[in-house]
Amino acid sequence: MTDTLDLGFPALHRVHPLGWINDPNGIHRTADGRWHVFFQYNPASTRHEHIHWGHMSSSDLVSWREEPLGPVPRPGEADQGGCWSGVGLLDHAPDGSAAEGAGLSAGPVAGGPGAPAVPTLVYSGVDGIENQLARVLVTRLDESGTELVRTGVVAAEVPEVPGLIGIRDPFVFTYGGKRWGIQGAGVREGGRFVPTLLLYSCEDLENWELVGTLLHGDDPVAAEHSPADLWECPQLVPVGGRWVLLLSRWGHPSTHERSTLQVDYLVGDLVDGPDGAPRFAPTAGGQVDIGPDFYAPQAVVDAEGGRVLLWGWSWEGQQRSQEQTDAQGWAGALTFPRELRLDGEELRSAPVPELRALRAEALPLEAADDVDVPGATGAGGTVELLLETPARAEVRTRGAVTVEILGADGTAREVLSVDDGPATLFLDASLLEHLPDAVSPCTLRFYPADGDRVRVRGALAEAWALELPGR
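Residues numbered from 1 in each chain as written. Predicted model: local features only at pLDDT ≥ 70, side-chain atom pairs only at ≥ 80, totals over all residues. Heavy atoms only, no water.

Colleague: How do you make sense of the overall build of the protein chain when you look at a structure like this?
Modeller: Across its full length, the protein chain carries 2 helices and 31 strands. Projected onto the principal axes, the alpha-carbon positions of the protein chain cover approximately 65 × 45 × 45 Å. Burial analysis of the protein chain (471 residues in total) assigns 61% to the buried set. Counted over contacts in the protein chain with a minimum sequence separation of 6, partners at least 24 positions apart contribute 59%. On the protein chain, roughly 17,500 Å² of surface is accessible, and the fraction owed to carbon and sulfur atoms is 49%. Side-chain charges in the protein chain split into 34 positive and 68 negative, and the spacing between the mean points of these groups amounts to 1 Å. (Helix = DSSP H or I, 4+ residues; strand = E, 2+ residues; numbered from the N terminus. Buried < 20%, exposed > 50% of the residue type's maximum accessible area, 1.4 Å probe, protein only. Contact = heavy atoms within 4.5 Å. Areas by Shrake-Rupley, 256 points an atom, 1.4 Å probe, with all protein chains shown as cover. Lys, Arg positive; Asp, Glu negative; His and termini not counted. Charge placed at Lys NZ, Arg CZ, Asp CG, Glu CD.)

Colleague: Sorry, what's going on with the layout of surface pockets here?
Modeller: One simple way to see leftover space: roll a probe sized like a water molecule over the atoms. The space that makes up the largest pocket amounts to roughly 630 Å³. Lining the largest pocket are 29 residues, and of these W20, H48, T260, W313 and W315 sit closest to its centre. Residue assignment for the lining of the largest pocket shows that the elements contributing at least two residues are β1 (19-29), β5 (82-91), β9 (164-175), β13 (230-239) and α2 (322-328). Per-element tally for the lining of the largest pocket: the top contributor is β1, with 3 residues. (1 Å grid on protein atoms, 1.4 Å probe; cavity = no way out; pocket = protein on both sides within 12 Å on 5 of 7 lines; lining within 4 Å. Points joined across faces, edges and corners; volume = space filled by probe spheres on them.)

Colleague: How should the packing of aromatic side chains be read in this particular structure?
Modeller: Any pair of aromatic rings gets described here by the distance separating the centres and the angle formed by the planes. Inspection of every chain in the model, using the stated rule, returns 12 aromatic pairs. Ring centres 6.4 Å apart and planes at 75 degrees place the aromatic pair Y295 and W313 in the edge-to-face group. Of the two residues, Y295 sits in strand β17 (residues 295-302) while W313 sits in strand β18 (residues 307-314), which places them 18 residues apart along the sequence. According to the relative accessible area criterion, Y295 is buried, its value standing at 2%. The class of W313 is buried, set by a relative accessible area of 7%. Each residue in the set W20, Y295, W313 and W315 is aromatic and connected to the rest through ring pairs, giving one cluster. The residue whose ring lies beneath R168 is W250, and the NZ or CZ to ring-centre distance is 5.2 Å. (Phe/Tyr/Trp six-rings, centres within 6.5 Å; stacked < 30°, edge-to-face > 60°. Lys NZ or Arg CZ within 6 Å of the ring centre and 35° of its normal.)

Colleague: Would you take a moment to explain the sheet that holds strand β3 (residues 52-58) for this structure?
Modeller: Hydrogen bonds between backbone atoms are what pair the strands of a sheet, whose relative direction is either parallel or antiparallel. Taken together, the 5 strands give an open sheet; going across it, the order is β4-β3-β2-β1-β19, and neighbouring strands pair in mixed fashion. Of all the strands in the sheet, the pair left with one neighbour each is β4 (65-66) and β19 (330-331). Of the strand pairs in this sheet, β1 and strand β2 (residues 35-42) are connected by 6 bridges, and their pairing is antiparallel. The residue of β2 that forms the bridge with N25 is F38. (Pairing = 2+ DSSP bridges.)

Colleague: What is the right way to read the sheet that holds strand β12 (residues 209-216) from this model?
Modeller: Strand order in this open sheet of 4 strands is β9-β10-β11-β12, and the pairing throughout is antiparallel. A single partner strand is all that each edge strand has here, and the edge strands are β9 and β12. Going across the sheet, the axis of each strand differs from the next one's by a mean of 30 degrees, ignoring polarity. Relative to strand β11 (residues 192-201), strand β10 (residues 178-189) is paired through 10 bridges, and the arrangement is antiparallel. Within the sheet, the bridge partner assigned to I182 lies in β11 and is L199. (Axes fitted to C-alpha atoms, helices over the stretch in contact; angles between N-to-C directions.)

Colleague: Sorry, what's going on with the side chain of H52 here?
Modeller: Among the structural elements, H52 can be located in strand β3. There is a polar contact of 2.9 Å between the side chain of H52 and the backbone oxygen of H50. Setting aside anything within four residues of it in sequence, one finds H52 in contact with F39, Q40, Y41, P43, L69, P71, V72, P73 and C83. (Polar contact = N/O pair within 3.5 Å; in protein donor to acceptor, adjacent residues only side chain to side chain.)

Colleague: Please clarify how empty space enclosed by the protein should be interpreted in this entry.
Modeller: The full count for this structure, using the stated rule, is 3 cavities of 30 Å³ or more. In this structure, the largest cavity spans a volume of roughly 100 Å³. If you trace the largest cavity, you find 15 residues lining it, with L12, H13, R14, M56 and W64 closest to the centre. If you add up the space inside the second largest cavity, you get close to 40 Å³. Surrounding the second largest cavity, P24, N25, S85, G86, D169, P170, C233, P234, Q235 and Q298 form its lining.

Colleague: Would you take a moment to explain the pattern of salt bridges for this structure?
Modeller: Two side chains that carry opposite charge are able to pair once their charged atoms sit near each other. Inspection of every chain in the model, using the stated rule, returns 29 salt bridges. Among the salt bridges present, the one from R29 reaches D302, with a minimum N-O distance of 3.6 Å. Here R29, found in strand β1, pairs with D302, found in strand β17; they are 273 residues apart in sequence, far enough to count as distant. Residue classification places R29 among the buried residues on the basis of a relative accessible area of 12%. Notably, a salt bridge pairs R192 with D218, separated by 3.0 Å at the nearest N-O pair. With R192 in strand β11 and D218 in the loop between β12 and α1 (220-225), the pair connects residues that are 26 residues apart, well separated along the chain. (Salt bridge = Lys/Arg side-chain N within 4 Å of Asp/Glu carboxyl O.)

Colleague: Help me understand the side chain of S58 in this model?
Modeller: Positionally, S58 belongs in strand β3. S58 sits in the buried class, given a relative accessible area of 0%. From its side chain, S58 meets the backbone nitrogen of L61 in a polar contact 2.8 Å long. A polar contact of 3.5 Å, which involves the side chain of S58, links it to the backbone nitrogen of V62.

Written out as structure tokens, the structure is:
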């Protein structure tokens, strides 16, 4: 945990005390069992510019340490304008032999102890001139996942696609015994923008070959559940015997006041196209997280744990001005890792069990008989929890819950009020994550002032203070 005097700093979520953070990137697990999480990072300011890859690692998904930077902009090279989003995986050994867990199952594979493979980062390089049109770059790491060994090899140039308005965010998966790559893109067709996923063959990660389209925005299921001008940060992972495609909606500045819109999922199957390349056939969809402050998640197959994990980016809330963000010296955080599962054709997210290690003392829940929270009736009634700022707590709920900021003057400002059944609620200073058992989660930001308290009330079951083990 990073020591800071800033009451809004989510110290359980980020270890870098200063700078801009956005999309989680390059997540993988090295042969020593250590998790490596990279992310979009500007160490010099709180603004999205001159993007590096920040880097932290953990042996347990709970205690994180700052690591050396990953890819950084290189003057005169394809990423001189910034190193944008991408993935990490364990690639084939340098002698060409197939390394266990290295791209031989769906999506970026976390690997684990005993996996003899080369930690590899695949990302978008922008030139600072036409940033909407990115190249695919590949960087190799040492076995520890911390030292750059071979940097920024251009694996794919900008393709000659008619009407292309943007392309970025490579993702790698395996299907039919072959390795494939996709990039999010958008094209202008007949006076309108249409999102698409371009499909590549990439048996050799340093040589991508465009072979077609995995999914086009005119697909009726995709058009219903994820209309966009361009799809960013595509993630394609196997969950519960199906394939789940995560798409971050991007809107063109000519059609949208804000470009980063929301994150959707499509549930479907991979099928063989007439050319032998896969196509994604969606059958259902929904929203990954319904909160206002969640975007660009990354999903990774945890081969050792037999699960799919997800991290998202939580930006500073719209109630926060740029001047306030500049003054605090930091912006953005990654969510806690979540485990994905399917309930029929609906995607669910749950906190990973490892997060229980953050629990310190149990917190007292007080009766609040004078307060009526709709949906909080029944066994236990309405109870409440009062937290000093900065609030760092986990609350397990049985049903309806309301979160408020209580001002020193007695005023109450509502932050969240939902009735989504049993759920887990995390509070970390200015970051709130609400993960119901049976519906999509909600991520949002809120900013108590010095002297404020946070009140959680409703159908609460248990609560714990949160702190890093050993603190």
